[in-house]
Structure formats: C-alpha cells, structure tokens
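Survey of secondary and tertiary structure
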Amino acid sequence: MLHLKLNRILLYLFVVLMPCIVFARDSELQALRETLLQEDTTTHYALSVPENDPRLKAIRKLRTIGSPEAVAILREFLTVDRVNCQQLKQHSLITLGNIGTRPAIESIRQFEAWSKKRFIKPPAFRFGEKDHAIYTFSPHQLTPLAKTTDEKNTTWAIFQWKCHSAVAEIWICKSLGDVLWSQPILLDLPGIPQFYPFSIKHRKWDDKCSFQIKKDSIKIVVDKQIWESRISDNLADLDKDGLPDLVEARLLTDPNNPDSDKDGLPDGKDSNPLTPRHSDNNDVTQIRQAVFSFLFATSNSQDALVIVGGADFARQEYYGFGGFVLRSPQSRDGFVNITGIKVELKSPDTATATISDWEGNLAASGHQAKLKKLHGKWVVVEFKMEWIS
Ligand SMILES: [Ca+2]
Ligand SMILES: [Ca+2]
Ligand SMILES: [Ca+2]
C-alpha cells in the first residue's frame, strides 16, 4: 500500500515538476540568448572584457549548461554580422572548445564554413567606426572629407584612412545610394608617398588641407602646394579582374594577370590572391587555420593582412577574414603584419601556437594559443596575450 502511494507521489512529482524544470531552463536559455545577441553597443578594445560584462557572463553560464541548446546559442552569436565584438566571439570559441562535445565542435566547423563565405561578396562600405583587424588597436573613425559627382553622374566620397596616427592615406569610394558605398580605392596622388606621407603628416593635414573638386578632378591643397588626381585614372583595370591597377600595385598582385596565383579564382574575388587554394590537410596547416579563424574570422575588419612567413607558408591558404590576406617574405608598411604562427605539437591531440603581430614601427604583440584535437578537429581551448609593446 505504502509502496503504491510512494509511486503515485513520484509520478505526480514527475508530471507536475518536470515541465516546470524544462520551462525554467528554456526561459533561462532564452534570456541568455537575448543578452548575448543584443545590438552591440559597448565594444571592448581594451586588453580584456571585464568579468561583469553581461554578455561575458552569459557565455560563462552557457558553458556551465553545456547542452546542445546552449551550444546552438553560442553558434548563433558567432555567425551574426551585426554583433561585432571580436573578443566576445573569441570567448565563445574557447567556450565551445572547452564544452568539447560533438555538437560544440560541429558548431566551430559551422562558424568556419560561414566565415569562409564572407569574402565572396564583400559587404558594402559604410562610413563610421571601422573595426581594426587586431582588437588591441582602436577602431578607425572614418568620415568623408569631401564629395564630388563626376561626368557620369556618379557620386564619390573622399576620405583619409588612419591605420594609426602615423599613417594617413587618401581613399575614394563610389556611392551605392543612401549610406552605402563601394569598397574603397586608394587615391593616386602623384608626388605624395602613399604609405607614409610624412609631408602631409607634419603639415597638420587635418587643419591645413583643402579640396578643389571639379567633376572628375580632385585637387588636394596643403600649404599652397597642390596634388591632383583624376577619378577615371584611379579606376583603370587592365586585366579586368575587378581590382583597379592601383589596388593591385598596393597588394602586389599582378595588374596584367587576372589570376595572380593561378588557382582559378580571379584576383578581385580571391581573398588570398597570392596563395593558391591548397589541399594540404596535415595537423600543422589545420592548427594554423584554427588559430587564424580564432584571431581574424571573429573580426569585422576589412584591413589587409600580411602573413610574413617562409617557404612553409607557400601552400597555407588562410580563410575567414573579411579583408585581403597576402603572403610576403617580409613585413609591409601600411598593412597589419602577422609575423609568424609557430606551431608545436605536444602530443597527437594537443598543441600550442605562438602568434606575433606587428603594426608598422610602433606597436606589436604576441599571443599564445593552446589547442586540442577533438572529434577530428583542432580547436582553441586557451588563448592569452604574452606581451605587447
Ligand atoms: Ca586588375
Ligand atoms: Ca590582377
Ligand atoms: Ca587566384
């Protein structure tokens, strides 16, 4: 009799309480999702996200829950463009790596597949705050300095791009209506050194420069000295690969060859135009790609990156970043340079990778990532900055 009663009580508890527990967990997950996916208002370009940041707290809580539903929220956060806090995305990747279940690792794969497609149609350019490729540097604030309409009735905006205070370049982009603009083209100003225009910098460019713009002609006047450039000249594209000759000169792609690395993708559609698409699938290339995805597929930046490396990089194609990725035997002024990703295999399924990035002559930092191979995929499980100068 007593046994029967106890069974009834247990059944009652199960029927009544289980839906409550499930409902409570569902609404908790829903609240965490809303917190994490809210419109990005605060960005963290400092060295770390404060522990009391509500989104970081949500990520930590999802780590504790660790269920496939929690994993799905982290994956959604990683693959939305409007949320652009690179460091929080990196926290999410580490969290998925630490959860380590099959759905968690599958989510990292899906994030990488999503990021790989980002370059196929580069997003239209908007003025405002632009992410820096490396989160320890401040975003660029881009506003048009002047506008002009050419003979074909196309409107152009002229602006300067400061990678950091030492580099100021003049760019143009074409109006695509409303607030959208085409991808920018570096303006050719004969007589001005393009990458380090010290002459401009020392003359207090912002205060003393003015524009004389007439249709196709842009004249920049600094202290009564005039530099002129014609928009039509800047657009010449000899090999018709979508990259104007001037852009190719800057990227070091071949302006007479539509496919500089001969891999079948034209330069203008090739995020990695100096390295052929590779088929290597060894641990080291997989680890380097996992680290690269962690560092740069989490960024909304469209800067150009230069991977500085020796012959062993010749067949390493990096994907997932929104800007061009170029390979070069040496650092190049005016670009974000990654001076090596050194991989050490500690065991068949653990490794470390040491990354140095270098920014002009002024600043550099070094990071170390720890990786594990889980369910056949190398993933970052720990990441820290080792030094900054
Ligand atoms: Ca071209
Ligand atoms: Ca070309
Ligand atoms: Ca190509």
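These remarks concern the structure in this document.

Cut-offs used in this document
- Residues numbered from 1 in each chain as written.
- Chains lettered and ligands numbered in written order.
- Predicted model: local features only at pLDDT ≥ 70, side-chain atom pairs only at ≥ 80, totals over all residues.
- Helix = DSSP H or I, 4+ residues; strand = E, 2+ residues; numbered from the N terminus.
- Buried ≥ 20, exposed ≤ 12 C-beta atoms within 10 Å, placed from the backbone.
- Contact = placed C-beta atoms within 7 Å.
- Expected span 1.5 Å × (residues − 1).
- Arc of directions from axis to C-beta.
- Pairing = 2+ DSSP bridges.
- Axes fitted to C-alpha atoms, helices over the stretch in contact; angles between N-to-C directions.
- Parallel < 35°, antiparallel > 145°, perpendicular 65-115°, else oblique.
- Left-handed = near helix turned anticlockwise from the far one by under 90°.
- Nonpolar A, V, L, I, M, F, W, Y, C, P; charged D, E, K, R; others polar.

A count of helices and strands for the chain gives 10 helices and 17 strands. When burial is assessed residue by residue, the chain has 35% of its 389 residues classed as buried. Relative to all contacts within the chain whose residues are 6 or more apart in sequence, the contacts with residues 24 or more apart total 51%.

Before going further, it helps to examine helix 5 (residues 102–116). With 15 residues, helix 5 ought to run about 21 Å at 1.5 Å a step, and its terminal C-alpha atoms sit 21 Å apart, in line with that. Every buried residue belonging to helix 5 is among Ala104, Ile105, Ser107, Ile108, Phe111, Glu112 and Ser115, and all of these are buried. In a view along the axis of helix 5, the buried residues occupy a sector of 150 degrees, so they form one face of it. Every exposed residue of helix 5 that faces more than 90 degrees away from the buried side is listed here: Arg102 and Ala113. Considering only its buried residues, helix 5 is in contact with helix 3 (68–78), helix 4 (86–99), helix 10 (283–297), strand 16 (363–374) and strand 17 (377–388).

Turning next to the sheet that holds strand 13 (residues 325–328). Strands sit in the order 13-12-14-15-16-17 across an open sheet of six strands; the sheet is mixed. Among the strands making up the open sheet, the edge pair consists of strand 13 and strand 17. Averaged over all pairs of adjacent strands, the angle between their axes in this sheet comes to 30 degrees, without regard to strand direction. Sheet topology note: the strand 12 (residues 305–308)/strand 14 (residues 336–347) ladder contains three bridges and is parallel.

When a strand is regular, its side chains alternate between the sheet's two faces. Across 10 bridges, the pairing between strand 15 (residues 350–359) and strand 16 is antiparallel. Considered in strand 16, the bridge of Asp357 is made with Ser365. By the bridge criterion, 10 bridges tie strand 16 to strand 17 in an arrangement that is antiparallel. Along strand 17, the bridge assignment pairs Lys370 with Glu382.

The periodicity of an α-helix, 3.6 residues per turn, causes residues three or four positions apart to be oriented the same way. With 15 residues, helix 10 ought to run about 21 Å at 1.5 Å a step, and its terminal C-alpha atoms sit 20 Å apart, in line with that. Burial analysis of helix 10 places 12 of its 15 residues in the buried class, the great majority of the element. Considered for burial, the residues of helix 10 that qualify are Thr285, Ile287, Arg288, Gln289, Ala290, Val291, Phe292, Ser293, Phe294, Leu295, Phe296 and Ala297.

Between two packed helices, both the angle of their axes relative to each other and the distance between the axes serve to describe the pair. The N-to-C vectors of helix 3 and helix 4 enclose an angle of 150 degrees; their axes lie 10 Å apart at closest approach. Taken as axis vectors, helix 3 and helix 4 run roughly antiparallel relative to one another. In this structure, helix 3 crosses over helix 4, and the sense of that crossing is left-handed. Between helix 3, through Val71, Leu74, Phe77 and Leu78, and helix 4, the contact on the second element is made entirely by Lys89, Ser92, Leu93, Thr95, Leu96 and Ile99.

Where helix 2 (residues 54–65) contacts helix 4, the two axes come as close as 10 Å, and the packing angle between them is 10 degrees. Judged by the inter-axis angle, helix 2 sits roughly parallel to helix 4. Across from Arg55, Leu56, Ile59, Leu62 and Arg63 in helix 2, the residues of helix 4 making contact are Leu88, His91, Ser92, Thr95, Asn98 and Ile99. Within the contact of helix 2 with helix 4, the residues separate by chemical class into five nonpolar, four polar and two charged.

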